[in-house]
Every structure is written in structure tokens, then in C-alpha cells.
Amino acid sequence: MNYEDFKTIVLERRSVRNFTEQEVAIEDIREIIDCARYAPSDTNSQTWKFIAIRNTEKIKHIEQLTWDQLHLRAAAAEEKGLSREARMLVRSFGPYATAFSDAPVLIICLATPYESKFRDRIFDPIELVDDAVWAEEGIKSSCLASQNLMLAAHARGLATVR
């Protein structure tokens, strides 16, 4: 692949919020997850796990769980006197947080804790950094893997939403 082809993939990828009911082949799912696992990670720790859900009822259930949590968080904000923010969370952010609801496949990227022989043998014994840094490391690496996944999906003609 030349640079221009790569640049086209990067520049043309978009987050979509309207999906077709067209089924996504298992081979496509495997391929884009395989591309995701080649993302860089600190000491090749690969701090991610992927879950692919093809059952539309389960996807709708996850959407409902998301809405339930948003409403709980909004209620907690309301109790703190943050009524405006609570409304914005549900009305403005809610549709973004559940944009996956009509997708034929939902691929969830889970950030796992940073584990490596370097941490166990070197970093932790000398107290190189606080534990919070390791928690963030898993999230950072998982974000890189997610980007690989979204770019690979786009290159295969599939749409994604972040």
C-alpha cells in the first residue's frame, strides 16, 4: 500500500449513526479484530479484549443498560444541583452513547490491566509509578487497538461508530 491509499482510508473514515441491517460476515469480524491486535502497546502487553456481539436483541439490551446508567448518573447530578448538566447528559450525550443500537454487530473493546514481566520484575519493585498509571496504560493501548479496528473496518467497506 502506498501513502496516498493509507491517507485516503484515514481521511474517509467516519463515525456513522445509521446502519443497514446487512449482515457482517464472521470472516470480516475476525479480520478487523486481527488488525486491531497489531496496535502498539507498552512492552507488547496487548491490554485489550474484544467481544463481538451479533445478536440484535443483546445489542438492544446493551443499549437499554447504557440508557439506564445515563439516567442514574443524571439523577445523581440532579441531586448535586447540576440540573442543566443532567439534562445535557441524557439529551445531548445519550444519542452518541447509544449510536451503536441499530448496528448488525457490536464489537466491544475492553481495556485490561497492564501486566508484563517488566512491571513485575522492575517497575513495581522500584515503585516507578503509581498504580493509576498502569490503569491508564491499558486504556491508552486499547484506544490504539480500537483505531486499528475502525480503520480496518473502513478499508473492508464497513462502517463504525466510536
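Report on the accompanying structure. Numbers given to residues run from 1 along each chain, matching the order in which its sequence is written. In keeping with the model being predicted, local features are shown solely for residues with a pLDDT of at least 70 and side-chain atom pairs are shown and tallied solely at 80 or more, while totals for entire chains, interfaces and linings include all residues. With hydrogens and water set aside, each side-chain value is computed from the structure's full complement of heavy atoms.

## Some points on helix 3 (residues 56–79)
Note the following rule: Only DSSP runs of H or I with at least four residues qualify as helices, and only runs of E with at least two residues qualify as strands; both kinds are numbered from the N terminus onward. Every helix has an expected span of 1.5 Å times one less than the residues it contains. Only heavy atoms enter the contact rule, under which two residues are in contact if any of them lie within 4.5 Å. Within 3.5 Å is the distance limit for a polar contact, defined as a pair of N or O atoms, with the added protein rule that one can donate a hydrogen and the other accept it, and that residues adjacent in sequence qualify only through two side-chain atoms.
In this model helix 3 runs 35 Å from its N-terminal to its C-terminal C-alpha over 24 residues, within 8% of the 34 Å that 1.5 Å per residue would give. Tucked inside the fold, the buried residues of helix 3 contact strand 1 (48–53), helix 4 (83–97) and strand 2 (106–111). Put simply, Asn55 is the residue that caps the front of helix 3, since its side-chain oxygen is 2.8 Å from the backbone nitrogen of Glu57.

## Observations concerning unusual backbone geometry
Defined as follows: Here's how the labels work: a residue is buried when its accessible area is under 20% of the maximum for its type, exposed when over 50%, partly exposed in between, all with a 1.4 Å probe on protein chains only.
In this structure, Asn44 takes a positive phi of about 50° despite not being glycine. Its location among the elements puts Asn44 in the loop between helix 2 (26–36) and strand 1. The phi torsion at Gln46 lies on the positive side, around 45°, for a residue other than glycine. Counting through the fold element by element, Gln46 comes out in the loop between helix 2 and strand 1. Given the relative accessible area of 31%, Gln46 is considered partly exposed.

## A closer look at the packing of helix 1 (residues 3–12) against helix 6 (residues 131–155)
Packed helices, taken two at a time, are described by the angle between their axes plus the distance between the axes. Selection criterion: The axes used here are C-alpha line fits, helices contributing only the stretch in contact, and every angle between their N-to-C directions lies in the interval 0 to 180 degrees. When an angle is under 35 degrees it counts as roughly parallel; over 145 it counts as roughly antiparallel; between 65 and 115 it counts as roughly perpendicular; any other value is oblique. Residues are grouped as follows: Ala, Val, Leu, Ile, Met, Phe, Trp, Tyr, Cys and Pro are nonpolar; Asp, Glu, Lys and Arg are charged; every other residue, Gly included, is polar.
Closest axis-to-axis distance for the helix 1/helix 6 pair is 9 Å, and the angle between their directions is 105°. In terms of axis orientation, helix 1 runs roughly perpendicular to helix 6. Here Ile9, Val10 and Glu12 of helix 1 come into contact with helix 6, specifically with Leu151, His154 and Ala155. Here the residues of the contact of helix 1 with helix 6 sort into four nonpolar, one polar and one charged.

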